[in-house]
Amino acid sequence: MLDLPEPGGPGPEEVLVEVAAAGVGNWDDIVRVGAWNVGLTAPMALGVEVAGTVVAVGSKVTNLRPGDEVLGHPLPLRHQGCWAERLVVGADLLVLKPPGVPWGTAAAFPVPALTAEQVLSEALKVAENETLLVHGAGGTTGGLAVQLAALRGVRVIGTSGPSSTARVVQAGAAEVVDYHDSHWPDRVRELTGGVDAAVNAVSGGSADTVLALRDGGRMATITGDPPAAERGISVADVYVRPASTQLEELSAPG
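An account of the accompanying structure is given in this report. Because the structure is predicted, anything quoted here is derived from the model rather than measured. (Residues numbered from 1 in each chain as written. Predicted model: local features only at pLDDT ≥ 70, side-chain atom pairs only at ≥ 80, totals over all residues. Heavy atoms only, no water.)

### Concerning the nonpolar core
Stated precisely, the cut-off is as follows: Working definition of a nonpolar core: buried Ala, Val, Leu, Ile, Met, Phe, Trp, Tyr and Cys residues. They are joined through side-chain atoms within 4.5 Å. Here's how the labels work: a residue is buried when its accessible area is under 20% of the maximum for its type, exposed when over 50%, partly exposed in between, all with a 1.4 Å probe on protein chains only. To qualify as a helix, a DSSP run of H or I must reach at least 4 residues; to qualify as a strand, a run of E must reach at least 2; elements of each kind are numbered from the N terminus. Contact criterion: two residues are considered in contact whenever any of their non-hydrogen atoms come within 4.5 Å of each other.
Counting residues in each nonpolar core, the largest one holds 43 residues, and the members touching the most others are Val-38, Leu-124, Val-126, Leu-132, Val-134 and Val-146. Elements represented by at least two residues in this core include exactly α1 (26-32), α2 (103-108), α3 (110-123), β6 (131-135), α4 (140-151), α5 (165-171), β9 (195-200) and α8 (244-251). Sorting elements by how many residues they give to this core places α3 first, with six residues. The residues touching Leu-132, leaving out its near neighbours within four places in the chain, are Leu-120, Leu-124, Val-126, Ala-149, Val-154, Arg-155, Val-156, Ile-157, Val-195, Ala-197, Ala-198 and Val-199. Ranked by size, the runner-up nonpolar core spans 14 residues in total, among them Val-61, Leu-87, Val-89 and Leu-94.

In structure tokens form, the structure reads like this:
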């Protein structure tokens, strides 16, 4: 147990949030061992995703007011992580929570959603009518990448286990390949002739993912294991960053 002091009042550009729910992911263990600089060091409450209610605002805050329901990926952390009961946050790092969205869903959304968006729009710059492979499409981040790409008119090929196939198709994948088959990259090439772009969301999966790309294709990995460049393929090693404008667009109802 970690007994935390009550946070002080927010600074001029900060807000105080009563935490309703906080995201939990494998990245929290990366923070715990000191491998991700989030602005604070232990001992502290972990957590880099929050959803809650604003209870106080600083003198210069104009975008939020007490009672607003918000969510965010509020790095760098200022006093504690998002697992604390109350959190002091920069007002520019939060966006309004869509009405009716459950607290748990809102809290688990920011990091996977921002990661997927930054992979697609920045690292890969996917365009309409291109083919995209999402390796690990049955996971949260992979599934969001499928949805966002499909909404952009991209033909998506996903990999997943059999239990996730229906969900990945519902997310917008044109084809789903079982990654338990050791020859799954060959199957993707049979379907597409080699995809234009690919995102790897499976730990240790980059070496297989690159095999499914056409010569001169683009690849991004979110698991810190970029493969050696080959066949003119560009490779990006993507780490999520806070981006309130992106998060606001991703959170917008409808």
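Now, onward.
### Quick notes on the environment of Leu-247
If you trace the backbone, Leu-247 turns up in helix α8. In sequence terms Leu-247 and Phe-109 are 138 residues apart; their C-alpha atoms lie 9.2 Å from each other. Ignoring any residue separated from it by four or fewer positions in sequence, one finds Leu-247 in contact with Leu-71, Gly-72, His-73, Val-95, Phe-109, Pro-110 and Leu-114.

### Structural notes on the packing of α3 against α8
Cut-off, in case you're wondering: Note on geometry: axes are lines fitted to C-alpha atoms, helical ones only across the stretch in contact, with angles between N-to-C directions running from 0 to 180 degrees. Any angle between 65 and 115 degrees counts as roughly perpendicular, while under 35 counts as roughly parallel, over 145 as roughly antiparallel, and the rest as oblique. Think of it as three bins: nonpolar holds Ala, Val, Leu, Ile, Met, Phe, Trp, Tyr, Cys and Pro, charged holds Asp, Glu, Lys and Arg, and polar takes everything else, Gly as well.
Interaxial distance between α3 and α8 falls to 10 Å at its minimum, and their mutual angle equals 105°. For the element pair α3 / α8, the angle class is roughly perpendicular. Where α3 approaches α8, its residues Pro-110, Ala-113, Leu-114, Glu-117, Gln-118, Ser-121 and Glu-122 are matched on the opposing element by Gln-246, Leu-247 and Leu-250. Here the contact of α3 with α8 is composed, by residue class, of five nonpolar, three polar and two charged.

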